[in-house]
Each structure stands twice: as C-alpha cells, then as structure tokens.
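Analysis of the macromolecular model
These are the residues of each chain, in order.
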Amino acid sequence: MSERVFISPAKYVQGKNTIDQLGKHVGHFGSKALLIADDIVWRIIGDRVTTALSASDVETEKADFVGEASRHEIERIAASAKENHVSFVIGMGGGKTLDTAKAVADELNARIVIVPTIASTDAPTSALSVIYTDEGNFETYRFYKKNPDLVLVDTKLIAEAPARFLASGIADALATWVEVRSVLAFGGKTMAGGVPTIAAEAIAKRCEEVLFDYGILAYESVQAKVVTPALEAVVEANTLLSGLGFESGGLAAAHAIHNGFTALDGDIHHLTHGEKVAFGTLVQLALEGRTQEEFERYVALYMALDLPVTLEDVKLKDASREDILKVGQAATAEGETIHSGFDVTPEEVADAIIAADRYARLYQAKQR
C-alpha cells in the first residue's frame, strides 16, 4: 500500500484588516524581511506592511516583482536578497508573485510568509510553484520541502479587489473535488507525494459545498466591496480548503487542460488561471461522462459568476481540430497531472474539449 501524505502551512490567519497585525505573527522569524510585490500591490499595502513590521522591530528590504514567475526572475531577486542578508521572505500579491516568493525563499533556505491580496487561486498554502517561461508559457512545477510558515489573508483587501479575481478563485477551487475524486477512483498520487488522505478528501468535498452554497453571495459582496460571512467562507474555501485539498488530494485533468492551453497562441493567454481552469473542469466532467444534470450545475454557477463555459469564451471560437489536438497532446504530456486520474489519449481529451463546448452551448440555448 502507498503512503498517505498530508501537508499544510504552519499557520493560517484570515480576517478583516488582519494585515495590520502581520508584525506580531512574524516578529520571531528574524530581524530583516524581504518584501516581494509588484508596483500596484506595493502602492496598496506597502506602507501598512512596513509599519506593521516596524512595530515588531523587523527591518525591510523591497524587491520589485516584474514579468513572470520564471527562472530568471527568481534568480534575479534571490541574488539581490543574498547580498542584503535577509532573514525571511514575504510575498504579497497574486499567484505569480507568491510563487516567485516561495522559490526565492527556497533559494535562500529562509522562512516564507504569503500575503495574498486577491483570492484568485489556491496557490498560497502550497509547497510548490508553477514556473513559466519568460514568455508566459507553462514550464514545470517546482516543489519545496515545506509549506509556507504563515499565510495571512486580509478579507478587506479581497473585498476591494476586482470581483473577477474572486470568481477566478472560485473556479480554481471548484476543480478541487472534481479532481480529487478522480484521483481517488483511479488510485493516483497527489502533489504531496502519496495517495489522498481521508482528511484531504473531506476538505475537498466541503470546499465544493461551500462554493455552491455561498459563491454567488460572496461574488455580490465583492461587487459591493463589503466583507460578509459569505465572503469569509468563500475566501477560506478558495485559499485554505482548496489549497489543502488539491495538494494532499490530487490534481487531474482540469489543471492539465489549463496547462495544455499554453500550447496555443492568442488571446486565451489574457484569461486568468481560474478562468482557464473553469473550462478545464467542464472538459474533465465531459471526459468522465458525467450526467447532463451534473454538468449543467457547474455551467450555471460559472455563468452566474461571469466565467467562461465555451470555446468562444476562452477565445478559441475559431480553433481548428488540429489546434484542439495540440491542447490534448500538451495536457497528456509525460508528468502531467491528468495521469493521476485518467488513462487517456490526446484524441480523447480533444473530443472532450469539443463536447464540453457543445454541452455548454446547449445549456445556454435553453436559458434564452
């Protein structure tokens, strides 16, 4: 029998204005922190973070994140950090900034603190980064020996961010149970290095329940820029439940198809991670032969959140069969997550992509 492995961050903190308490949570990590953020995030929270850290006698060194979560960007920031003798790393912002911060901390063998300013992916809690080329194409996963030492989520910041990001996070998180159950049925391995635990299974299932119960209410809360119980629940589902669920429960077709989309050129690359995963989830449901009722349950929620459900929505309206097959080939490449849940060919994936588009358009036509 294979080992069961469950991993998680050392500490998770979530709440309104909790960013102002950052110093008290990290003061014992060391005397100097490297702050990694892009210009937009720095303008929003830079002063608050440095003030909070200063109150706990922590000095700061700022590193600007530019471009992609690529090897070159990681090496550039790590080299500067080594010269400045930082004690630990704080990544602030969205998924690619946070993935870069994790990699920099790994290069420095330092503690890592993750401060997401949007709830758009389940990346913050994980012990891995998605590494891209400098041009933005998926390259590989980079795994670490430990999860973040602290993940701190300020729900007021989440409420003030564009609602599109929360919707993207819901889409990313909705893939969690869909993928975990396929890994369980197939007997596949997880990103944590073993088979899924009972805990991961329960977390992934509860994640989906929360999203269907409160996803639309949370989306409307962000549209109004208010923090509500529904938003708190969904932020936790997007970030903690999905993060623990996918890492210790497993990824399968939905994320592999997301990665497969990088094989194509065009406007699809302007979509968020979650928006592409949304369509990837529909493709996985089609690949599994799920019922029309179940398929349409997801489509209905995606549409209520203004998420893509058709090839036209993901900017592939005019894609040829050859283009779709390229996605299928990339999604089934050696080492891709699809192999944890399926024994499938590129042609079968291509067929499922075309079918998912057709099924979604059928549902849309019934709503008119």
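The name an unreviewed UniProt entry assigns to the protein is Glycerol dehydrogenase, from the organism Exiguobacterium alkaliphilum. For the protein, the Catalytic activity (unreviewed entry) comment in UniProt is given as "glycerol + NAD(+) = dihydroxyacetone + NADH + H(+)".

Quick look at the overall build of the protein now. If you tally the helices and strands in the protein, you get 13 helices and eight strands. Scaling as 2.2 N^0.38, a compact globule of 368 residues should have a C-alpha radius of gyration of about 21 Å, and the protein matches this with 20 Å. Across its three principal directions, the C-alpha atoms of the protein cover 60 × 45 × 40 Å. Here the protein, with 368 residues, has 59% of them falling under the buried criterion. Within the protein, contacts between residues at least 6 apart in sequence are counted, and of these 79% link residues at least 24 apart. Total accessible area on the protein stands at roughly 15,100 Å², and carbon and sulfur atoms take up 48% of it.

Strand order in the open sheet made by the six strands is β1-β8-β5-β4-β2-β3, with parallel pairing throughout. What marks the edges here is a single partner per strand, and that holds for β1 (12-15) and β3 (59-64). Averaged over all adjacent pairs, the angle separating strand axes in this sheet is 20°, with direction ignored. The sheet strands contacting helix α2 (residues 39-54) are β2 (32-37), β3, β4 (88-93) and β8 (150-154), and the helix crosses β2 at an angle near 160°.

On to the packing of helix α9 (residues 253-260) against helix α10 (residues 273-288), then. The geometry of α9 relative to α10 is characterised by a closest axis approach of 7 Å and an angle of 125° between their N-to-C directions. By the angle class used here, α9 and α10 are oblique. Where α9 crosses over α10, the two elements pack in a sense that is right-handed. Residues Ala 253, Ala 254, His 255, Ile 257 and His 258 of α9 form the contact with α10, whose participating residues are His 273, Lys 276, Val 277, Gly 280, Thr 281, Val 283, Gln 284 and Leu 287. The residue makeup of the contact of α9 with α10, split by class, is six nonpolar, six polar and one charged.

One non-glycine residue with positive phi stands out, namely Asp 57, at about 60°. If you trace the backbone, Asp 57 turns up in the loop between α2 and β3. Residue classification places Asp 57 among the exposed residues on the basis of a relative accessible area of 65%. For Lys 225, which is not glycine, the phi torsion reads 60° and is therefore positive. Within the element layout of this structure, Lys 225 appears in the loop between α7 (198-223) and α8 (229-249).

So, on to the pairing of β1. Residues Val 13 and Gly 15 point to one face of β1 and are all buried, whereas Tyr 12 and Gln 14, pointing to the other face, are not buried. Two strands pair when backbone bridges link them, and β1 and β8 are joined in this way by four bridges, in the parallel orientation. Its bridge partner being in β8, Val 13 is matched across the sheet by Leu 152.

Our next topic: the UniProt feature "domain: Alcohol dehydrogenase iron-type/glycerol dehydrogenase GldA" (unreviewed entry) in the protein. Annotation from UniProt places "domain: Alcohol dehydrogenase iron-type/glycerol dehydrogenase GldA" (unreviewed entry) at residues 9-155. Span residues 9-155 is 34% helix and 30% strand, its end C-alpha atoms 19 Å apart.

Judged by nonpolar contacts, the single largest core of 88 residues is most densely connected at Leu 34, Ile 36, Val 89, Val 104, Leu 166, Leu 282 and Tyr 302. Ranked by residue count, the leading element in this core is helix α6 (residues 163-186), at nine residues. Sequence-distant contacts of Leu 34, defined by excluding residues within four places in its chain, comprise Glu 61, Lys 62, Ala 63, Ile 77, Ala 81, Val 86, Phe 88, Val 89, Ile 90 and Val 104. Listed in part, the 22 residues of the second largest apolar core include Ala 33, Ala 37, Ala 52 and Met 92.

Reading the values: rules and limits
- Residues numbered from 1 in each chain as written.
- Predicted model: local features only at pLDDT ≥ 70, side-chain atom pairs only at ≥ 80, totals over all residues.
- Heavy atoms only, no water.
- UniProt positions renumbered as here; feature names shortened; annotations may be inferred.
- Helix = DSSP H or I, 4+ residues; strand = E, 2+ residues; numbered from the N terminus.
- Rg over C-alpha atoms; globule rule 2.2 N^0.38 Å.
- Buried < 20%, exposed > 50% of the residue type's maximum accessible area, 1.4 Å probe, protein only.
- Contact = heavy atoms within 4.5 Å.
- Areas by Shrake-Rupley, 256 points an atom, 1.4 Å probe, with all protein chains shown as cover.
- Pairing = 2+ DSSP bridges.
- Axes fitted to C-alpha atoms, helices over the stretch in contact; angles between N-to-C directions.
- Parallel < 35°, antiparallel > 145°, perpendicular 65-115°, else oblique.
- Left-handed = near helix turned anticlockwise from the far one by under 90°.
- Nonpolar A, V, L, I, M, F, W, Y, C, P; charged D, E, K, R; others polar.
- Core = buried A, V, L, I, M, F, W, Y, C linked by side-chain atoms within 4.5 Å.

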